[in-house]
Amino acid sequence: MTHSAHSPEAGPPTANAMRRALRRARDGVALDVAEAAVLLQARGEDLEDLAASAARVRDAGLAAAGRAGVITYSKSVFVPLTRLCRDKCHYCTFVTVPGKLRRAGHGMFMSPDEVLDIARRGAELGCKEALITLGDKPEDRWPEAREWLDAHGYDDTIAYVRAISIRILEETGLLPHLNPGVLSWTDFQRLKPVAPSMGMMLETTAERLWSEPGGPHHGSPDKEPAVRLRVLEDAGRSSVPFTSGLLIGIGETYEERAESLFALRRVARAYHGVQELIIQNFRAKPDTAMRGMPDAELDDLVATVAVARHVMGPSGCIQAPPNLVDGEYGRLIRAGIDDWGGVSPLTIDHVNPERPWPQIDALAERSAAEGFELRERLCVYPEFVRRGEPWLDPRLLPHVRALALESGLANPDAPVRGLPWQEPDEGYVASSGRTDLHRTIDTTGRTADRRDDFDEVYGDWEALREQAAPGMAPSRIDGDVRAALATAADDPTRLTDDEALALLHADGPALDALCRVADDVRASAVGDDVTYIVTRNINFTNVCYTGCRFCAFAQRRTDADAYTLSLSQVADRAAQAWDVGAVEVCMQGGIHPDLPGTAYFDIAKAVKERVPGMHVHAFSPMEVVNGATRTGLSIREWLLRAKESGLDSIPGTAAEILDDEVRWILTKGKLPAATWIEVVKTAHEVGLRSSSTMMYGHVDQPRHWLGHLRTLAEIQQETGGFTEFVTLPFIHTNAPVYLAGIARPGPTTRDNRAVTAMARLLLHPHIPHIQTSWVKLGTEGAAEMLRSGANDLGGTLMEETISRMAGSGYGSYRSVRDLVAIAEAAGRPAKPRTTLYGEVPQERVRAAAASDGHLPELLPVLEG
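Counting restarts for each chain, with residues numbered from 1 along the sequence as it is written. Side-chain atom pairs in this predicted model are given and counted only at pLDDT of 80 or more, local residue features only at pLDDT of at least 70, and totals for whole chains, interfaces and linings cover all residues. Hydrogens and water are ignored here; the side-chain numbers use all heavy atoms of the structure.

Novice: Please give an account of the pairing of strand S6 (residues 274-281) that cites residues and values.
Specialist: Across the eight residues that make up S6, a large majority, eight, are buried. Where strand S5 (residues 242-248) lies against S6, seven bridges are found, and the strand directions are parallel. Looking at S6, one finds that Ser244 is bridged to Leu277. This β-α-β element, S5 to helix H11 (residues 254-271) to S6, shows right-handed connectivity. Where S6 meets strand S7 (residues 318-319), two bridges bridge the pair, whose relative direction is parallel. Each bridged residue has a counterpart across the sheet, and for Ile278 the counterpart in S7 is Gln319. Note on exposure labels: buried denotes an accessible area under 20% of the residue type's maximum, exposed denotes more than 50%, and partly exposed covers the range between, all computed with a 1.4 Å probe on protein chains only. Comment: elements are numbered from the N terminus, with helices defined as DSSP H or I runs of at least four residues and strands as E runs of at least two. For two strands to be treated as a pair, DSSP must find no fewer than two bridges joining them. When the strands point away from the viewer, a crossover counts as right-handed if the route from the first strand across the helix to the second turns clockwise.

Set out below in structure tokens:
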């Protein structure tokens, strides 16, 4: 192994350091990075000692998993979908250029016929995995790649990967394992429904190998370690079984290699989604910039495998490619591997074409010689096959189960044949579960305070606790509050970030003064009227597997409180609301895995067909992304289809805090801040206005509130599409992140007043309407916010389950008289409004007055 001249190795470890590290490994004590770096240098008897302890760890894990003495492999075909890439790795022979492809008679991408021919022949030989490998985003570098995609009707390479994966599933029965390089969170949502597993090698976290000229990754934007770690985390957030690993011997130091292993362990621990680590040794190839670099030594590979086993623990799966070790299979088995990776009886290893796969029979013999039975697995590991949802999309489950044994391993006798990929009828699901929850949540309540899968579905609580610690107690900032108040009173648009932060921390008389200033700005901007809307919430399902850690609403299909409304039930509830004066229905639901992406269109149509005059305010940005990825439409196309179906505006929920530092603690799998912004801007561009929101008081700090409000103001200045800003205090009682001891118990009264007042000031004059939430604050709390800069009370709701499931004690509805009373408590008149803050037709006003804006107590819940 060689090392960069810019980062010399610290020298070989002392004998004492090696003895101590080996003893800790033998005793099963958790290693640190320094000890791992020492053990990576073990050789001779020390290496045998290290390997023996690693093998014991591996054996304990296999016994616990129910496959003692088993080593696995996947029978696969290798599909090099395109060999074009925007990166320039100095050791790679897989990647080529358009001219060479043309001269060899190849297209820029493999055609569907070429791909399917390989997959069909693989199926005939009993292969079950289609390993789809390609270069990163070739269309960003090569016009020829963009021309090919355009000519064949694909927006980008990911669209072609998705399309060809569906055809492989339907026409051959093979399971796609996707290696398309760096993926965004949205890319994962696009590809998760078509592939049981995906992968991308981390390779190394040594940034200098990417940033410094002459480094193996220099000039390759997708090899930046931070970018690749973000991909691993997004895979975990998206519940995608993911393969990663290291490429050793490319110039990294032992310390850097150890740090890379610990980075992989951190991601695996946080999300439980890393299904295997590949430890791959560098082999120099001719015609590359690194052709003169020596190959990584076998001892280096064995030591790294053994250290990886100790770092990842007994539940980790460690793989070493058998075609790169010159037949030294026994040493790798003895060092702690439990998998040989993909082995193909049909195709070559296109990344290492000079290294043929071993024959499967020979691999079985060599494994047996070490006391192991070679068993076939699928591209997705047995643990994830058994877990099912949310790790496997419902559309993939029939394909996976057709090839799997009950253990999750591959059924070697299963026929490999295509199955339909889409739901049989693409229709809306039938009504099911506790559909009266909207009424009984206020009487019977919820069945339990948490889901049965509390310990697994949200990721690793201990890792999250460490990540969240800085936000548990907001730090105080000593600023010149007096000067900041003067600026706010004179012209709030001139508030600097330092002044705004000082005011967000205000308390006592300073807070009272801040609220008076905000209330004065409110009076000059929108007058004294306190507006409200006669509306009904319709949460059409609470089945959801996204894993939001603040949400007590989401349930699994089998949970006692789970429900899904039929289309007729949704329409019935809209009609009931219209009869008592509503001008709007607000409809949101969980990300139900069985709902097709077109279900949202069906819901909007059902309401409009039953009640043509009703404003349909529906579908959060998370639901928009879910609909778009499930239908294969772009966000813009999906929103236009939804608008055609009757959607009038969207709620700006799912924002939480628009800072990923906080978002990834609050939620495992929800959309990133940038995607939320993209959805909202696109909605505004196509004529769909939205509200804007902020949920605060959990693991956040005032600096996050400031950044969030600044972001909303910038969007509004660009699009003008926000109707209002809604403050959403965190309801902690049943929130998983609170039950796990991570979040604070919601915001204080001080926090609520400061956030409301500063929202008024920081969003002025761009977003004129500031809404407070009686659901979360109650009557007195809402009245106090009306004195602190708010001018809107939201809606009558008629039903409300999300906050009530979280533990809010303020009921599920308010009558018109109730809302008027809250305004009067603040010394102000009340006035009804529409969703877009227009005048309410007199006919609607009269209907609301006759019913007081709420459903008769004995009105039945109509069943569909």
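Novice: Give me the side chain of Ser260: which residues, what numbers.
Specialist: Checked against the element boundaries, Ser260 lands in helix H11. Overall, Ser260 belongs to the buried group, its relative accessible area being 1%. Any two residues whose heavy atoms approach within 4.5 Å at even a single point are treated as in contact. Ignoring sequence-local partners within four residues, the contact set of Ser260 consists of Leu202, Thr204, Thr205 and Leu246.

Novice: Requested: an account of helix H32 (residues 774-786), with residues and values cited.
Specialist: One less than the residue count of a helix, multiplied by 1.5 Å, gives the span that helix is expected to have. Under the 1.5 Å per step criterion, the end-to-end length of H32 is only 11 Å for 13 residues, more than 12% shorter than the ideal 18 Å. Of all the bends in H32, the greatest measures close to 85 degrees and is centred on Glu780. Along H32, 10 of the 13 residues are buried, which leaves the element largely enclosed by surrounding structure. Along H32, the residues that are buried comprise Trp774, Val775, Lys776, Leu777, Gly778, Gly781, Ala782, Ala783, Met785 and Leu786. Working definition for bend: take the seven residues up to and ending at a residue and the seven starting at it, fit an axis to each, and measure the angle between the axes.

Novice: Which residues make up the environment of Asp559, and what are the values?
Specialist: Residue placement: Asp559 occurs in the loop between strand S12 (535-539) and strand S13 (563-564). In this structure Asp559 comes out as buried when scored by relative accessible area, which is 9%. The spacing of Asp559 and Val543 is 16 residues in sequence and 8.9 Å in space, taken between C-alpha atoms.

Novice: Go over the state of the cysteines, please, and point to the residues and values.
Specialist: Here, two cysteine sulfur atoms that lie within 2.5 Å of each other are counted as a disulfide. Counted according to the given criterion, the structure contains zero disulfides. Cys548 provides the cysteine sulfur closest to Cys544, a residue in no disulfide bond, and the two sulfurs are 6.3 Å apart. Of the residues examined, Cys544 reaches a relative accessible area of 10% and is grouped as buried.

Novice: Just give me the short version of the packing of aromatic side chains, but keep the residues and values in it.
Specialist: Pairing of aromatic rings covers Phe, Tyr and the six-membered ring of Trp, with a centre-to-centre limit of 6.5 Å; geometry is then stacked below 30 degrees between planes, edge-to-face above 60, and tilted otherwise. Applying the stated criterion across every chain yields a total of 15 aromatic pairs. Ring centres of Trp148 and Tyr154 lie 6.4 Å apart, and the angle between their planes is 10 degrees; on these two criteria the pair is classed as stacked. For the ring pair Tyr600 and Trp638, a centre distance of 5.6 Å and an interplane angle of 75 degrees mean the geometry is edge-to-face. With a gap of 38 residues between them, Tyr600 in helix H24 (residues 599-610) and Trp638 in helix H26 (residues 635-645) connect regions that are remote in the sequence. One aromatic cluster is present, built from ring pairs that chain together Phe540, Tyr600, Phe601, Phe619 and Trp638. Seen from the ring of Tyr837, Arg833 lies directly overhead, with NZ or CZ sitting 4.1 Å from the centre. Lysine and arginine charges are scored as sitting over a ring when NZ or CZ, respectively, is within 6 Å of the ring centre and within 35 degrees of the ring normal. One residue, Arg844, lies across the ring of Trp578, its end atom 3.6 Å from the ring centre.

Novice: Outline the pairing of strand S14 (residues 584-588), listing residues and values.
Specialist: The side chains of a regular strand alternate between the sheet's two faces. The buried count for S14 comes to five of five residues, which makes it a mostly enclosed element. Because side chains alternate across S14, one face comprises the buried residues Glu584, Cys586 and Gln588, and the other comprises Val585 and Met587, equally buried. Sheet topology note: the S12/S14 ladder contains five bridges and is parallel. When the sheet's bridge partners are listed, Asn539 is paired in S14 with Gln588. Pairing between S14 and strand S15 (residues 615-618): four bridges, direction parallel. Paired with Glu584 across the bridge in S15 is His615. Where the polypeptide runs from S14 across H24 and back to S15, its parallel neighbour, the crossover connection is right-handed.

Novice: So what's going on with empty space enclosed by the protein? Which residues, and what values?
Specialist: Throughout, the protein atoms alone are placed on a 1 Å grid, and a set of points is a cavity if a 1.4 Å probe fits but cannot get out or a pocket if it is open with protein on both sides within 12 Å along at least five of seven lines; lining residues have an atom within 4 Å of a point. Grid points are joined across faces, edges and corners, and a volume is the space filled by probe spheres set on the points. Inspection of every chain in the model, using the stated rule, returns five cavities of 30 Å³ or more. In this structure, the second largest cavity spans a volume of roughly 380 Å³. Of all the secondary-structure elements, those providing two or more residues to the lining of the second largest cavity are helix H8 (185-191) and helix H25 (621-631). The element that contributes the greatest number of residues to the lining of the second largest cavity is H25, accounting for five residues.

Novice: Report on the pattern of salt bridges, specifying residues and quantitative values.
Specialist: Opposite charge on two side chains makes pairing possible when the charged atoms of those side chains draw close. Salt bridges are identified by distance alone: a Lys or Arg side-chain nitrogen within 4 Å of an Asp or Glu carboxyl oxygen. One pass over the full model with this rule turns up 54 salt bridges. A salt bridge links Glu233 to Arg266, with the shortest nitrogen-to-oxygen separation between them at 2.9 Å. Pair noted here: Glu233 is in helix H10 (residues 225-237) and Arg266 is in helix H11, with a separation of 33 residues, a long-range link. Judged by its relative accessible area of 15%, Glu233 falls in the buried class. A single salt-bridge network, built from bridges that share partners, covers Arg230, Glu233, Asp234, Arg237 and Arg266.

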